[in-house]
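Single-letter residue listing:
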Amino acid sequence: MALGEFDLLRRFFIRPTRHPETTLGIGDDCALLRCPEGFELAVTTDTLVAGAHFLPEVDPESLGHKALAVNLSDLAAMGAEPKWAMLALTLPEVDETWLEAFGRGFFALADRQGMELIGGNTTRGPLSITLQAMGLVPSGGALRRSGARPGNLVYVSGPLGSAGLGLKIRLGETELEDFEALARLERPEPCVPLGLALRGIACACIDVSDGLAADLGHILEASKVGALLDFERLPLTEAVRRYIAGTGDWTLPLTAGDDYELCFTVPPAKKNQFEQRLAETGLSAAPIGRIEAEPGLKLRKEGHIVDFSPSGYEHFRRNGRG
Ligand SMILES: [Mg+2]
């Protein structure tokens, strides 16, 4: 027997409210929220579609985690503190085992990150998940893409290309086995604590969802600057190093998506303050290059400069591969 929408939401997704800013949580026509004085509301949304953004056979618990994680990653990239989420689920059928597992993955991460579900909706149709996430950031203090300046140091919070390797493993495109890559693909851990630690320090910030080159490219475009990165300084897992050594495909850490690390820029004058804050919080980040006045993304690799701007890289490929 099919459950009605209200029953579904009540059974799997209603939890007591706990934030003082939540005047009214899930269950009425709207939720009611209060934005405290001196703060702005940071709002983001992402849709995951079966077959396009995840493999249809992925386990629902991981999917519940990932649907929330990708939205938390956007809040982290703005330096926002996670508060609220809304969930719109489109399901081919009411499968209680599936819903229960999805909710388990979702709430394990939500509880850990202080995130409250304040509304939702279920519809029948091809499997897709839309999450909206909201957080609070001090007024004027959000980390935008447009703040990078020449001379800024470019950092990335963790290994690149690992989730991309995980996808290749799942698709059978590589013989390599790597549990970490699969975990990073299916259970990414959003960099919320780092986003908060970067308040007042980073000039520009973005989360790496579509690959470092594309996402840093958004910072460069919004800030009207360029960057020179050192390939040898990109943080890579051992498995990604083995993949590159075995295939020669060194572009994986620059082009593969789904890592959900943060890429950000810090002015040299705040470098010491930043390193001190990292030491205090136990967080880490790797310096990978510098912002330059001349537009475009360049990469220093084995002593050579490779133009890695979208158009430049196409040019390089044509020359390099005939
Ligand atoms: Mg993003």
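Structure report, in brief. Just so it is clear, the structure is predicted and the values come from calculations on it, not from any experiment.

1. Some thoughts on the overall build of the protein chain
Point 1. Looking only at helices and strands, the protein chain has eleven helices and 13 strands in total.
Point 2. Radius of gyration (C-alpha) of the protein chain: 21 Å, near the 20 Å computed for a compact globule of 322 residues.
Point 3. Its C-alpha atoms give the protein chain principal-axis dimensions of roughly 65 × 50 × 35 Å.
Point 4. Within the protein chain, the proportion of its 322 residues that are buried is 51%.
Point 5. The contacts of the protein chain with a sequence gap of at least 6 include a subset with a gap of at least 24, amounting to 82%.
Point 6. Carbon and sulfur atoms provide 52% of the accessible area of the protein chain, an area that totals close to 15100 Å².
Point 7. Charge separation in the protein chain, taken as the distance between the mean sites of 32 positive and 44 negative side-chain charges, equals 5 Å.

2. Some thoughts on helix 2 (residues 60-77)
Point 1. With 18 residues, helix 2 extends 26 Å between its outermost C-alpha atoms, agreeing within 8% with the 26 Å of an ideal straight helix rising 1.5 Å per residue.
Point 2. Burial of helix 2 is extensive: 17 of the 18 residues sit out of reach of the surface.
Point 3. The backbone nitrogen of E61 lies 3.2 Å from a side-chain oxygen of the residue at the head of helix 2, namely D59.
Point 4. Within two residues after helix 2, G79 carries a phi angle of roughly 75°, on the positive side.

3. Some details on the packing of helix 4 (residues 162-170) against helix 8 (residues 238-247)
Point 1. Following both chains from N to C, one finds helix 4 and helix 8 inclined at 65°, their axes separated by 9 Å at the closest point. Relative to helix 8, the element helix 4 is oriented roughly perpendicular. In the crossing of helix 4 with helix 8, the sense of the turn from one axis to the other is left-handed. Contacts between helix 4 and helix 8 involve S162, L165 and K168 on the former and, on the latter, A239, V240 and Y243.
Point 2. Taken together, the residues of the contact of helix 4 with helix 8 break down into four nonpolar, one polar and one charged.

4. Considerations on the coordination of the magnesium ion
Point 1. Distances from the magnesium ion to its protein donors, namely D74 (OD) and D207 (OD), fall within the range 2.0 to 2.1 Å. Of this pair, D74 sits in helix 2 while D207 sits in strand 8 (residues 204-207), and the two are 133 residues apart along the sequence.
Point 2. Owing to a relative accessible area of 3%, D207 belongs among the buried residues under this scheme.

Parameters at a glance
Residues numbered from 1 in each chain as written. Predicted model: local features only at pLDDT ≥ 70, side-chain atom pairs only at ≥ 80, totals over all residues. Heavy atoms only, no water. Helix = DSSP H or I, 4+ residues; strand = E, 2+ residues; numbered from the N terminus. Rg over C-alpha atoms; globule rule 2.2 N^0.38 Å. Buried < 20%, exposed > 50% of the residue type's maximum accessible area, 1.4 Å probe, protein only. Contact = heavy atoms within 4.5 Å. Areas by Shrake-Rupley, 256 points an atom, 1.4 Å probe, with all protein chains shown as cover. Lys, Arg positive; Asp, Glu negative; His and termini not counted. Charge placed at Lys NZ, Arg CZ, Asp CG, Glu CD. Expected span 1.5 Å × (residues − 1). Polar contact = N/O pair within 3.5 Å; in protein donor to acceptor, adjacent residues only side chain to side chain. Axes fitted to C-alpha atoms, helices over the stretch in contact; angles between N-to-C directions. Parallel < 35°, antiparallel > 145°, perpendicular 65-115°, else oblique. Left-handed = near helix turned anticlockwise from the far one by under 90°. Nonpolar A, V, L, I, M, F, W, Y, C, P; charged D, E, K, R; others polar. Donors = N, O, S within 2.8 Å, 3.2 Å for Na, K, Ca; no water.

Geometry only, nothing functional implied.
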